[in-house]
Amino acid sequence: MQIRLMSFNTQSCKNYIEQKTDIAIMAKAIAQCGAEIIGLQEMYEQNGEGSFGRQTKLLAEKLGYEHYYFAKAITIGNGNGYGNGLISKYPILSAETVLIPKPEVRGYDGYYEDRCLLKATLDVNGTKLNVLVIHFGLNPDEAENAVKTVIANLPGEKTVLMGDFNLPPESQLLLPIREKLFDTAALFAGVTAPENTKLSHPSDAPKVKIDYIFTSPDIKVLCADI
């Protein structure tokens, strides 16, 4: 059984050429990759009617997938949410939102933002697959808390961890995750070392790799790409 996974920071499904919300172009990008399980970051969910709508649900419907989950990290305005999403061709057996603890004392001058870990279990043709979707904060103390949250919630088998980590491959902060999970970037075609890996951000002229898909050792990865 083969499945195709994708991690995608949609930046609230914004089409930067036309500067507007564009669910259709996001769905087109996902469909072109043939993704069956998609971990999403920077998704917006608006109560009632509005230009944003419930983006995870709308994107799932556009793709023709019945199964989705939105994990709210931040409440904006009148109950609106912002966080991570999961869309799946396969049924979601369970899903929960795990908030990442805030640093007790902010150790840096950078921008801080509440973040969360989306934790789900899927039924992939009778096999349970654990899927974690995350978006790290920009500051090292936020990243440390995110790593601790991942490790504390890491299932023992058949696990995929994906998201926007806001860290380059050489970051020492990623070592606890690397000790337990396989970085699929090792299978990028033509890449022989982390320093010449394919880059992911910004998408139109990438300068750094900050997006990852990790898997547990019991999952065989056939190929990977950006």
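Everything below is about the structure shown above.
What you see is a predicted model; the values in this text were computed from it and never measured.

A.B. asks: Just give me the short version of the sheet that holds strand β4 (residues 37–45), but keep the residues and values in it.
C.D. replies: Strand pairing in a sheet relies on backbone hydrogen bonds, with the paired strands running either antiparallel or parallel. The strand order across the open sheet formed by 4 strands is β1-β4-β6-β5, and the pairing between neighbours is mixed. Every interior strand has two partners, whereas the edge strands, β1 (5–9) and β5 (67–76), have only one. The sheet shows a mean angle of 20° between the axes of neighbouring strands, taken without regard to direction. Sheet analysis places β1 next to β4, joined by 5 bridges and oriented parallel. Residue Phe8 lies in a different strand from β4, and its bridge partner there is Leu40. Taken strand by strand, helix α1 (residues 23–33) contacts β1 and β4, and its axis lies near 155° from that of β1. Where helix α2 (residues 55–63) meets the sheet, it contacts β4, β5 and β6 (80–88), and its direction lies at approximately 135° from that of β4.

A.B. asks: Outline the nonpolar core, listing residues and values.
C.D. replies: One finds Ile134, Phe136, Leu161, Phe165, Ile177 and Phe214 to be the most contacted residues of the largest nonpolar core, which totals 19 residues. Broken down by secondary-structure element, the contributors of at least two residues to this core are β9 (127–135), α3 (140–152) and β12 (211–215). Broken down by element, this core gets its largest block of residues, 4 residues, from α3. Apart from residues no more than four positions distant in its own chain, Ile134 is found in contact with Gln41, Asn84, Ile100, Cys116, Leu117, Ala146, Val150, Leu161, Met162, Gly163, Asp164 and Phe165. In terms of nonpolar packing, the next biggest core, distinct from the first, is built from 17 residues, Met26, Ala27, Ile38 and Phe70 among them.

The rules behind these values
- Residues numbered from 1 in each chain as written.
- Predicted model: local features only at pLDDT ≥ 70, side-chain atom pairs only at ≥ 80, totals over all residues.
- Heavy atoms only, no water.
- Pairing = 2+ DSSP bridges.
- Helix = DSSP H or I, 4+ residues; strand = E, 2+ residues; numbered from the N terminus.
- Axes fitted to C-alpha atoms, helices over the stretch in contact; angles between N-to-C directions.
- Contact = heavy atoms within 4.5 Å.
- Core = buried A, V, L, I, M, F, W, Y, C linked by side-chain atoms within 4.5 Å.
- Buried < 20%, exposed > 50% of the residue type's maximum accessible area, 1.4 Å probe, protein only.

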